[in-house]
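Results of the structural survey
Chain by chain, the residues run as shown.
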Amino acid sequence: MASHYNISGSATQELLAAGDNTSIASMSLVNLSASNACTVDLYIEKLLTGSFYILKNLELPVGVTLILEGDDVKFNNKTNQFGLYIKLTQTSGTPEVDVIIN
């Protein structure tokens with residue numbers, strides 16, 4: 001079953017919590033802004049282990065969709081393991097990205 005997220009603003013948001021035990025077949029990210037590119041950080045994080053980046057400072061142009069296949073975002077999402085996080089930044093305006101996880 002697909003999960004859908006509309007991420008808005010420059011805050012970090014958890015997409016999948018540790019313990020969700022979700023396996024990812026694919027993931028898409030699309031910049032919904034009418035005029036501004038945004039920068040995307042996509043990473044996994046585990047308490048007492050740290051953060052590991054899948055995407056770091058990736059500029060996502062206006063209207064562009066980025067598709068990641070399952071092998072690009074494969075990680076252990078079981079209890080006490082890794083959560084998946086996204087952080088958006090934009091130099092002007094408010095960043096807005098749709099995320100679909102299959």
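Above this text you will find the structure in question.
The notes below deal with the structure included here. Being a predicted model, the structure only gives us computed values, none of them experimental. (Residues numbered from 1 in each chain as written. Predicted model: local features only at pLDDT ≥ 70, side-chain atom pairs only at ≥ 80, totals over all residues. Heavy atoms only, no water.)

1. Thoughts on the pairing of strand S8 (residues 96–101)
Across a regular strand the side chains alternate sides, sitting on one face of the sheet and then on the other. Side-chain alternation along S8 places Val97, Val99 and Ile101 on a buried face and Glu96, Asp98 and Ile100 on a face that remains uncovered. With five bridges connecting them, strand S3 (residues 26–31) and S8 associate as antiparallel partners. Residue Leu29 lies in a different strand from S8, and its bridge partner there is Val99. (Buried < 20%, exposed > 50% of the residue type's maximum accessible area, 1.4 Å probe, protein only. Helix = DSSP H or I, 4+ residues; strand = E, 2+ residues; numbered from the N terminus. Pairing = 2+ DSSP bridges.)

2. Considering the pairing of strand S7 (residues 83–89)
Counting buried positions along S7 gives five out of seven residues, so the element sits mostly inside the fold. Across four bridges, the pairing between strand S2 (residues 12–16) and S7 is antiparallel. For Thr12, the partnering residue across the bridge sits in S7 and is Lys87. Two strands pair when backbone bridges link them, and strand S4 (residues 38–46) and S7 are joined in this way by seven bridges, in the antiparallel orientation. Residue Tyr43 lies in a different strand from S7, and its bridge partner there is Tyr85.

3. Concerning the sheet that holds S3
Spatially, four strands are ordered S1-S8-S3-S6 in an open sheet, and the strand pairing comes out antiparallel. At either end of the open sheet lies a strand with only one pairing partner, and these are strand S1 (3–8) and strand S6 (65–69). Each adjacent strand pair in this sheet contributes to an overall mean axis angle of 15°, direction not counted. Where S1 and S8 come together, six bridges link them in antiparallel fashion. Residue pairing in the sheet places Ser8 in a bridge with Glu96 of S8. (Axes fitted to C-alpha atoms, helices over the stretch in contact; angles between N-to-C directions.)

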